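If you want the building blocks of each chain, they are given just below.
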Amino acid sequence: MIVFTRVLLLLVLILPLASAAIFPFFGRPARRLAIWVAFLHLLITSAVVVLALPMLNDRIEDSGFSKLEAAKFRPNFVPGDVSGSDGASNRTTWTVLSLAPTPMRPGDAGPNIQFFIGVDGLNLWLIALSSFMMLPAILVSWESIREKPGKFYALMFLMQGGAIGAFLSFDVILFYVFFELTLIPTFFLIGGWGTGSGRRDAARKFFLYTLAGSLLTLLGIIGVVLTNPNDEGMITFSLPDLMGNVQRNLYFAGKAAFAGQPAALIALQNTQFWLFLALMAGFLVKVPIWPFHTWLPAAYSEAPTGVTILLSALLAKLGTFGILRLVLPLTPDAAIMYGLPVIGSLAAFGIVYAALCAYAEKDLKLMIAYSSVSHLGFLVLALFAFNVEGISGAVLHMVNHGLTTGALFAMSGFLLDRYKTTQMSQYGGLMGRFPNFAVLAFILCLASIGLPGLNNFVSEMLMLGGVVDARNPRIDRLGLAVIAAIGIFLGAWYILTMLQRMFFNPLKEPLTTGTAPADISGREFAIFGSLAGLCLVLGLFPQPVLDSARWDLNLLNVIGNGARARVSGIEEKEPEKEIVPMTIPAPPGMKAGPGGGPPGGGKGGKGGGPPVGGKGGSPKLGD
Amino acid sequence: MSDPIGLALIILAMPLVAALIAVLLSGTSLRTLANLPLIVACGGGAILAFTLLGKVADASTAQFVSDNITWFAAGHLRVSFTITVDPLSAFMLAMVTFIAMWIAIFSSGYMHGDKGYPRFFILMSLFVFSMCGLVLANNFLLLVAFWEGVGLCSYLLVGYYYSKPSAAAAARKAFLITRIGDTGLILGIFLLWRMGGWHTDLTALFDHIAKNPPDQGMLTTACLLLFCGAVGKSAQFPLYVWLPDAMEGPTPVSALIHAATMVTAGVYLIARCAPLFALCPDAQITIAWIGGISAILAGFLAIGQHDLKRVLAYSTVSQLGYMFLALGTLGAINPVFAVTAAMFHLLTHAFFKALLFLSAGSVMHAMGGVIDMRRFGGLRKRMPITHITFLCGAGALAAIPLLSGFWSKDLIFEALSEASESASPFTAGYYILLTVAFLTAFLTAFYTFRAYFLTFWGPERLPAEAGDHAHESPGVMTVPLMVLSLGALFLGAAVEPFNHLFSGFLERTPSLQLAATLAHSSTIAQHFNWTIAGIGTVLVLAGLGMAFAMYRQGGPEKLPWALEPVFQASESKLYVDDVYEAAIVKPATGLAFLARVFDGFLDGLARLISAIPRLLGQWLRPMQNGLVQFYALSMALGLAVFLSFVLFRVAR
Amino acid sequence: MISLWHYLAVAAALFGIGLVGFLTRRNLITMFLCAEMMLQAVAINFAAFARFHGNLQGQVFVMFLIAVAACEAGLALALFLMLYRRGKSLDSSDWQTLRELGVPPAIDTQSFPAPAPVEPDPVLSPAGARPALSTEEAARV
């Protein structure tokens, strides 16, 4: 069974890459084939999700984080797991390149760059999203891509494969390889199939901008690897091992600092600062955070709609996911020290700034592009709050934002297919023109502005809670929360203005040749209906997503609390008095894990702080 | 089934099911029957809600809380689907479903033949669902969810005539302005969550705060932020500007959403959170001042309007201001009394204002959509039933003695006068506000009867649009009018002044009792104060008399020159909208365009940086001159330089 | 006794001559020969160091060098032949078309000195009957 799951996971990654290899040889029938491949992929991914969920939900929290070795990610379903069928080791033997001076036995830990992939709570839903969003991306391109469809879909699959690879990777170099792999197909897709006259320029700008950033990230990755060897001085590229090393180094330095010798800690933190900057460089551009966002409007608006959907739903998530996967666990002290004050300030400014730009924008696609910048700024803000609420909100928002922004771009594709323009001033009264489309478009737009009952509300509330609860030193968290809330309001402002102009008012449409455009077709209904349905489902029942990631979120929270204590120079103290364990009865919706105790006190509470602040943080790590 | 929570859930579910059925009907030939699900749901809901009232009144504990079903939870933030039934919510539930039922019946006639008939009823059903959820929610974020839900339905219903630009603009304005308040509300909730032991459940939060009183300043901030939400939703100063514009929606929508139920959600929110507000006197007096300013400002703006529905809209703002005035006395006097006064006025107001709007709708129906009072008049003969019902509503609104409005307004006066004599630090403020309330009563009587006389008295005038259907509305529309006028006439007298039925019922609400404990105020005897009632009556009669003197010949309006500037100022809405437009909307839009331009500049900066390599290349290009010897020479020289560096610097 | 220094000196001289020749001469074949000369200087160094260090690694390198040089010679001369066929010239500055766009070509300001008249080689008269030459052969002689 466990081998079966590993094969499935491997298939999730291989299938798009293999399709990318064979699709260039197909011509016209490529689109039909593509949709079948995407369906198959979704099926496989669903199987992985179904198989992984019980495993992720049942992880025992008590086992975690009290030992040095335990404060690290634990991927499941790792292909090439050393321990054969029981799957307990969470490491792989599939070495791609070994930097060991002498040959090693397979399975030994060492300076090996490995093909190390697996699922955990953080990436499971992003993979599901990557798999799912391929369907609307293909369906939107159904009519509009007539030129070399085989190559087009091949590149799309390559993009998807790259994103999935980056989500799945647990080896830092492998992560980087997949991270960069997405650049190539995107460059050709924008440059080759773009809609506007500036497509080549946009493609080049996108490529160079992201490459410049991510090369610095590579530098950061190598720096982290080199500065964090294990006890025997051996470096490692495996992310979990690296986390263990980072934690151990920080723990001993922190202990010395509390004992009155801060030199080691200060040195480590200074190193971390530079590594943090280097790592963040690529992610800042990829997310993007103001002022590194200027490639985005051009790329999003010039790209064909299907590509824009993948860009906004998957590639933007690579940046935030990189922060989650690499920056927070590998440079925790710097993330606490500079995360909110520096990056958070930029993000907060970007939230308002991009929202204002979105309001002023006259082109629908550009407006959505700017709104995406605004939303992602909020997401980064919540990530750097570095507490359970913030990060869980961010994880959820990655999925939600992928769905809604992708859906909004699909909406622009609907109009583009019919009228060849996305200038908002040319439209009016579409509610009467396309009543069925209007209903779905309204649901999706309302999801985007965070209307309760739809998906974004939940994640926005969690993120806002995270920002309000952020106890990072040297920030005014309420100020940030107010800015974030203003961002939510501004989101409503431009979306409602767009709705008023395009869907209300007397009918106004651009001139078309031939027959009058028809209302939503079956194919389009499949796109918008499924997206709207998912928005509703995720808005009402988001808990499975949060439950499956709870273990990982607590892990990050423990790391965060340790870093917070080191940075503020306060030794871990007793649980704060203000936190009361929740005594409400176990809700039927939540599965009581073997962690024991009431779910509130044992799980939710734990994530938030009391047991963590008391015993889970780094001082206990040395036991 | 028989327990109150189950009952409440059924009441909650029925409109939702009704909406779904209406969705199914909308695509079929049965679309003209789309009104039935809503009527059945509201009717059934009303019957069940009255049963529920009885159950709550009889039960030994006055509050029932449902099980928690987690919506989402992470870290400290735990939000659950949980509802509570206590006298306060049971009362609101009964009121909402009962009024909604009659308005639904009225709309079946009013909206007949409209091409969006099913859409209207789907949205109305969703609205009733959200409103019921709003009053039942026992979790702050769940409350926000339904709060936004009613806002959404209001948005879609105001924009019901979507191809009309003014309706589209009004819809957006309504949603956005309430959303300003909602942003504050959400921030306030998160502040409370932080200081209230990480609870978002109302009951748990109140208990926690009562046991561990947090920092006064923070609590006041949080309360004021909550009040922001109420100000937006209940259209109080300075966010009231959306409500008059929202009259672009169909009239039943105005009656149900913008008079009887949704706009009172803010009042309900404050009443619900009474334990919090009882702890902060600063927040209370702020509420009272906002209420007072809104009451008199809107009352003033109502006197100069020509649009019948706008008069009623401003009057709604004004009456909601009364409710906030009462709530503002919450800690100064016994909170139970203050809340009772507010909720009682809410109840009577729901009846007479719904009645007035429906009557106006009946007029509008007959006049072919014209609602400008300058274009019709003297309708008394043509529409006798509407005339009588409108008169009942107007009388109740103007607080003519012994009608509903009189009793409820009297309670508010009493609350204010008690507050001005209490131990509160703001007695002077309450005294001024009492005067304001009296003045508003005068204005209310005047503008209400101005509208009444202009519409129904004097010579008959009909607009061209009325055509041949300028006659009394059909029974399906007049019956609800008659039922509601009974309420407007007698409900006030029936439930409170003589038997204290209403206050006795509300009193048992645990949160109000908690508030009373926290406010340390003694129970005051509920007596009828002849002086206050007398002053009120005199002012009302003065306003009525003035309206009679000026308008008994009906329209068109002839103003004495002394009053002309006053009316002009009122008609121009004191330029508040223009000021907002110039001071907020324009600068924000300007800022947006500035940001967009700046973004181009930023992009230019990026391009500039990317130009550096190109310039460098341009500069170095001539080196590539194609001469092998030159290359070889540079190679040799470079090697020489490098080697000498190695030899003389590094090797040393 | 010939020490390592002697070898190195020879190699350095060879390298220097080769370098100067490479930089100053414009005939492709001469340049190529100079380059070869530099290569051989390196080879001498290798061999000398190998000898004096007492291991064979340097010798092995020399083998490689010779092999590479041979291949190179074959390739280079083939290329020169092609170039000569195209341009009827072995002057390296005639082949500067690979310069950047917009860069002016380098043109000799002084023309080449006229080639010195070369006396024909003395030819021995063959014994016996003189064979009849074809016209082409006659021209070549």
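Residues numbered from 1 in each chain as written. Chains lettered and ligands numbered in written order. Predicted model: local features only at pLDDT ≥ 70, side-chain atom pairs only at ≥ 80, totals over all residues. Heavy atoms only, no water.

Engineer: Explain the overall build of chain B to me, using residue names and the numbers behind them.
Structural biologist: The secondary structure content of chain B amounts to 25 helices and four strands. Dimensions along the principal axes, computed over C-alpha positions, put chain B at roughly 110 × 65 × 60 Å. Expressed as a percentage of the 652 residues in chain B, the buried residues total 63%. When contacts within chain B are restricted to residue pairs at least 6 apart in sequence, those whose partners lie at least 24 apart make up 81%. Surface summary for chain B: the accessible area is close to 22,600 Å², and the carbon and sulfur share equals 72%. Taken as two groups, the 35 positive and 33 negative side-chain charges of chain B have centres that lie 12 Å from each other. (Helix = DSSP H or I, 4+ residues; strand = E, 2+ residues; numbered from the N terminus. Buried < 20%, exposed > 50% of the residue type's maximum accessible area, 1.4 Å probe, protein only. Contact = heavy atoms within 4.5 Å. Areas by Shrake-Rupley, 256 points an atom, 1.4 Å probe, with all protein chains shown as cover. Lys, Arg positive; Asp, Glu negative; His and termini not counted. Charge placed at Lys NZ, Arg CZ, Asp CG, Glu CD.)

Engineer: Run through the nonpolar core, naming residues and quoting values.
Structural biologist: With 473 residues, the main nonpolar core has F384 of chain A together with M343 of chain B as its most contacted residues. Among the elements that take part in this core, helix α15 (residues 335–366) of chain B stands out by supplying 22 residues, more than any other. Leave out the neighbours within four places in its chain, and F384 of chain A touches F276, M280, I323, V327, L328, A335, G339, L340, I343 and N472 of chain A. (Core = buried A, V, L, I, M, F, W, Y, C linked by side-chain atoms within 4.5 Å.)

Engineer: Pulling in residues and values, what's your account of the packing of aromatic side chains?
Structural biologist: Using the criterion set out here, one finds 76 aromatic pairs over all chains in the structure. Ring centres 6.3 Å apart and planes at 75° place the aromatic pair F175 of chain A and F283 of chain A in the edge-to-face group. Of this pair, F175 of chain A sits in helix α5 (residues 172–181) while F283 of chain A sits in helix α9 (residues 263–286); the two residues are 108 residues apart in sequence, bridging distant segments of the chain. F283 of chain A matches F175 of chain A in its accessibility class, with the two residues each being buried. Relative to F456 of chain B, the ring of Y452 of chain B has its centre 5.8 Å away and its plane inclined at 40°; by these criteria the two rings are tilted. (Phe/Tyr/Trp six-rings, centres within 6.5 Å; stacked < 30°, edge-to-face > 60°.)

Engineer: Now, about the arrangement of the chains: what can you tell me, with residues and values included?
Structural biologist: No other pair among the two pairs of chains in contact exceeds the contact count of chains A and B. These two, chain A and chain C, are apart from each other, with no contact and a minimum C-alpha gap of 23 Å.

Engineer: Tell me about the interface of chain A and chain B, and please be specific about residues and values.
Structural biologist: Contact with chain A, which involves 77 residues of that partner, is made by 56 residues of chain B. Note on chain A versus chain B: buried area summed over both sides is about 5,600 Å², and carbon and sulfur give 69% of it. Where chain A packs against chain B, one counts four salt bridges. Examining the composition of the side of chain A that touches chain B, we find that 14 residues originate from one element, helix α18 (residues 477–502) of chain A, more than from any other. (Buried area = accessible area lost by both parts, 1.4 Å probe. Salt bridge = Lys/Arg side-chain N within 4 Å of Asp/Glu carboxyl O.)

Engineer: So, the interface of chain B and chain C: which residues are in play, and what are the values?
Structural biologist: The partner chain C presents 17 residues to the 11 residues of chain B that form the contact. Between chain B and chain C lies a buried interface of about 1,100 Å² when both sides are counted; carbon and sulfur atoms form 65% of it. Per-residue buried area on chain B facing chain C is highest for R621, L627 and Q629 of chain B; these three make up 45% of the total on that side. Notably, a salt bridge pairs E100 of chain C with R621 of chain B, separated by 3.5 Å at the nearest N-O pair. The interface formed by chain B and chain C includes five residue pairs in polar contact (both at pLDDT 80 or more). The class makeup of the residues in the side of chain B that touches chain C is six nonpolar, four polar and one charged. (Polar contact = N/O pair within 3.5 Å; in protein donor to acceptor, adjacent residues only side chain to side chain. Nonpolar A, V, L, I, M, F, W, Y, C, P; charged D, E, K, R; others polar.)

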